[in-house]
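# Architecture at a glance
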Amino acid sequence: MTRAKRLSHARLDRRRLLRGVGGAAALAALDQTGFTIGASAQDAVTITMWGNHPEWRDPMLEILAAFEEANPGITVEFTAIPGPDYPAKLQTAVAGGAPSDVLGALEGSILTQVAAGGELPFIDLTGKVDVSGLTDTARGQVEVEGKVYGTPLASYTVGLAYQKPIFAEHGLEPPTTWQELKDAAQTLQDAGVTPIVLGAKDWVHPYFMYIGLASAVMGPEGFDQLRAGERKLTDPDLVEAAQLLLDLQPFYQSGFQATDYVTAKAIFANGQGAMQVAGTADFSGYREVNPEADLGFMAWPGPEAGKYSTNTGMELLYTVSRFATPEAQEAATKLVAWLATEEAQQLVSDKIALPVHTGITGSSDPIRQETVAARGLDVIVWYDLPETNKTTDAASESQGGLWTGRLTAQQFAEEMQASIVPSAGAATPTA
Amino acid sequence: MAVRPAERQTTDNGRGSGDRAPFPPAPPTPSRFERESATTRSPWQRVPYVWFLLPALVGYGTFFVYPTIRAFYLSLFDWTGVGPIGDFVGLQHFGELLRSDRFWAAALHSGQLFLFIFIFQNTVSLGLALMLNRRSRMTHIYRAIIFLPVIMSAVATGIIWILMLDPIIGIVNPVLRDVGLGWLQREWQADQDWAMRTVMLVQAWQWNGMAVVLYLAGLQNVPEDLKHAAMIDGARRWQVFRDVVFPMLAPAFTVVTVLSFILIFRAFDLIYVLTGPLGAPDGATLVIGVLIYGDAFGTSGYSSQPHMSYAIAEGVTLFAFLAGVSALLVSLLGRREEAIH
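Residues numbered from 1 in each chain as written. Chains lettered and ligands numbered in written order. Predicted model: local features only at pLDDT ≥ 70, side-chain atom pairs only at ≥ 80, totals over all residues. Heavy atoms only, no water.

### Focus: the overall build of chain B
For chain B, the helix and strand inventory stands at 15 helices and 0 strands. Residues counted as buried form 39% of the 341 residues belonging to chain B. Residue pairs in contact within chain B that sit at least 24 positions apart in sequence constitute 68% of those at least 6 positions apart. Surface summary for chain B: the accessible area is close to 19,800 Å², and the carbon and sulfur share equals 66%. (Helix = DSSP H or I, 4+ residues; strand = E, 2+ residues; numbered from the N terminus. Buried < 20%, exposed > 50% of the residue type's maximum accessible area, 1.4 Å probe, protein only. Contact = heavy atoms within 4.5 Å. Areas by Shrake-Rupley, 256 points an atom, 1.4 Å probe, with all protein chains shown as cover.)

### Considering the overall build of chain A
Scanning chain A from terminus to terminus reveals 17 helices and 12 strands. Residues classed as buried in chain A amount to 55% of the 431 residues present.

### Quick word on the interface of chain A and chain B
Taken residue by residue, the interface counts 38 residues in chain A and 35 residues in chain B. Among the residues of chain A in contact with chain B, Gln91, Lys201 and Ser254 of chain A are the three that bury the most area, contributing 20% of the side total. Between chain A and chain B we count 1 salt bridge in total. In this structure, Arg406 of chain A engages Asp282 of chain B in a salt bridge whose closest nitrogen and oxygen atoms are separated by 2.7 Å. (Buried area = accessible area lost by both parts, 1.4 Å probe. Salt bridge = Lys/Arg side-chain N within 4 Å of Asp/Glu carboxyl O.)

### Observations regarding the domain arrangement of chain A
Residue and element names in this part refer to chain A. Here chain A is described as being made up of domain 1 (31–152 + 316–351) and domain 2 (156–313 + 366–418). The distance between the C-alpha centroids of domain 1 and domain 2 comes to 31 Å. Listed by partner, the interface residues are 12 residues for domain 1 and 14 residues for domain 2. Of all residues in domain 1, the largest losses of buried area upon contact with domain 2 belong to Glu55, Glu107 and Thr112, amounting jointly to 46% of the total for that side. Across the domain 1-domain 2 interface, the total number found is 0 salt bridges. For the pair domain 1 and domain 2, the interface holds 6 residue pairs in polar contact (both at pLDDT 80 or more). Broken down by secondary-structure element, the contributors of at least two residues to the side of domain 1 that touches domain 2 are helix H5 (109–116), helix H6 (136–142) and helix H14 (342–351). It is H14 that contributes the most residues to the side of domain 1 that touches domain 2, 3 residues altogether. (Domains from an automatic or database assignment. Polar contact = N/O pair within 3.5 Å; in protein donor to acceptor, adjacent residues only side chain to side chain.)

### Side note on a nonpolar patch on the surface
Residue and element names in this part refer to chain B. Where nonpolar side chains cluster on the molecular surface, the patch consists of Trp44, Tyr49, Trp51, Phe52, Leu53, Leu54, Leu57 and Val58 and spans about 860 Å² of accessible area. Sorting elements by how many residues they give to the nonpolar patch places helix H3 (residues 49–74) first, with 7 residues. Positionally, Tyr49 belongs in helix H3. (Patch = residues over 30% accessible without salt bridge, like charges linked within 9 Å, V, L, I, M, F, W, Y side chains within 5 Å.)

### Considering unusual backbone geometry
Here the amide bond leading from Ala280 of chain B into Pro281 of chain B is cis, since omega sits at 0°, within 30 degrees of zero. Position of Pro281 of chain B relative to the elements: it lies in the loop between helix H13 (269–275) and helix H14 (288–297). One non-glycine residue, Glu145 of chain A, lies in positive phi territory at about 50°. You will see that Asp282 of chain B, though not glycine, has its phi angle at about 50°, which is positive. Structurally, Asp282 of chain B is set in the loop between H13 and H14.

### Details of the confidence of the model for chain A
All names here are of chain A. For chain A, mean pLDDT is 88; residues scoring 70 or higher make up 88% of the total. Low pLDDT (under 50) marks residues 1–12, which in the prediction has 4 contacts with non-local residues, meaning those over four places away or in another chain. Throughout residues 26–42 the model reports pLDDT below 50, and contacts reaching past four residues in sequence, or to other chains, amount to 2 contacts. (pLDDT = per-residue confidence, 0-100.)

### Examining the domain arrangement of chain B
Residues and elements named next belong to chain B. Assigned domains of chain B: these are domain 1 (32–74) and domain 2 (93–340). Between the C-alpha centres of domain 1 and domain 2 the distance comes to 37 Å. Taken residue by residue, the interface counts 5 residues in domain 1 and 5 residues in domain 2. Looking at the side of domain 1 facing domain 2, the largest losses of area belong to Ala71, Phe72 and Leu74, adding up to 72% of the total buried there. Summed over the shared surface of domain 1 and domain 2, the result is 0 residue pairs in polar contact (both at pLDDT 80 or more).

### With respect to the environment of Ala229 of chain B
As for its placement among the helices and strands, Ala229 of chain B is situated in helix H10 (residues 224–232). In this structure Ala229 of chain B comes out as partly exposed when scored by relative accessible area, which is 27%.

### Description of the environment of Ala331 of chain A
Residues and elements named next belong to chain A. Note on placement: Ala331 falls in helix H13 (residues 326–339). For Ala331 and Val45, which are 286 residues apart along the polypeptide, the C-alpha to C-alpha distance reads 7.2 Å. When residues no more than four places from it in sequence are discounted, the contact partners of Ala331 are Val45, Ile47, Phe67 and Ile74.

What follows is the structure, encoded as structure tokens:
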């Protein structure tokens, strides 16, 4: 019988179809139990992990290689997702029950999700992850109501990055007061240099500029008062911070309203502007764009001398997904526990960002040393805490109004204040 | 002068219309075997094509019908998109969105965008199709170049446009300056008056190729003898186009209009890349697709309470609007086609 004839005689009847479907279902069931033909129970475990800094991919792989070496049998599949896309991807994955095994929660989100109640997408790691060595701020993000849920990978500090050669060329020193900042910007503009590169298409730059300027007014104590409802962003001295954001508008680059965060970073890194709001994590990106860039870091100038400030926040808070298999949960717990150790945090400090472990004081990276040295009145990044978590949404929706004249500084401050939900007391440690 | 299309003198098989057989052939009578087997076979055997349709039907039901019904169900509850579904709120989200200024502003921008694209496709795209309908050695290359934006990645396209239009690192302003059109230089995407116009131009550029190809297919179905007959009757080129060619393009016009309507009101990717989640500057370019995304996932990315079920209500409203208006357009334009033919 020829092949063509055999094929023509091969009818797909219902019985044969059901037999095939049944076989496939049985194989699928076996797979669910973890039993695979030809494999032993001692199989290596592969766990998934997502990050939100593609520019950190290589150093992250080096850090994870150290973990894998110390934990034979565990393989970490690391995927770097662009920061702006990460929240939506994480939310969709959690809704679909398929996030990475080592779940990277956004800073502030463990506090808000535990407070909101309901089933959490991560598991309780109390007794399995030692957070006693972490800074108060870091611990405050992952230890809620006596339970430990994970550890922050790292921390970052936000202030102003500046081009050292441009400052030197025009005889400028990093400004320490608002007036000095305006004067420096004017000097640069008169010399044909764009003083500040701002990406106002996204919320990131205007938001961090505003909270930096407002934090310089309040300091950590004032911020705690704001959280407790004893201080308001509409207080006259705080409206001045919003007014300065607006007053600096002539010093931003042409087309800043439609410039996104990434493009703004590229413009600054290439030396087409003198200053930019920047956090520790941004410097890896600057170096990627322009390895020759000679950059410095300074705290936000304050309304008066000595009141300069920075904001410190957490990178992803690594927890363990409740959707992971028991084997993957066990392996992921080992990784999260390791990330909180001094050994892992030293690698973090040397390779990517600021450590969250109190035992680490130095870094092999000079810009990270400079960041820590520049810290002034350090206030936690506002959206890390439940009371001020919604300020990002308010800034997103109203910052555009400042540039187009739809909102005055006073109205902008009112919009920001409306997003704050004061608590009875500031129970969570701040920076 | 209205020139009527001449009546066809021949049938499709090339025979004259008077050459038909006097009686149509009688349908074949089923044999006894066929009659018996038809009664004994199962419904599945009697309609074997169902087996072929089944995979597509299952896919369609799973990935389109079920999610649509489920979306409407979810829009009736409070849900952030994560965790258990919250309280039943009925049609509250629909009421909220109908009272929302942002929703109506985004709807207005989408409407303006469609109007511009509609005019562009029926002038520029149609004109290009007419030019490409002429036989020339380079025609195929021109067609490929014009169609290229349709198949290019929207995200890549958006990034290229952002870089070209940037007032600092872009090439559009320097080129305008160098060719003596310096007065046209502007902050294309940051200028409140020009941001939406820029989006319109980029969208027109993206979808131009689709309209050109559809009109080109329509033009190639216009019989040459009709045009020649009209010209012999004394019609000028413009009259031939207006009274012979354009009416014959009615089916292509229907497809272009309905497709553009759906594509523009659903537009998201390219516009999101161009103007961001906030419709920069200050919501001047916010369209429905971007608004829904922002409400679902938060415009800041760090929002602790995204309005997923509210965004779903917006999606359901958009679906109902698109389905209703598309059906109306198909019906009206279909009647127009019948009237013409």
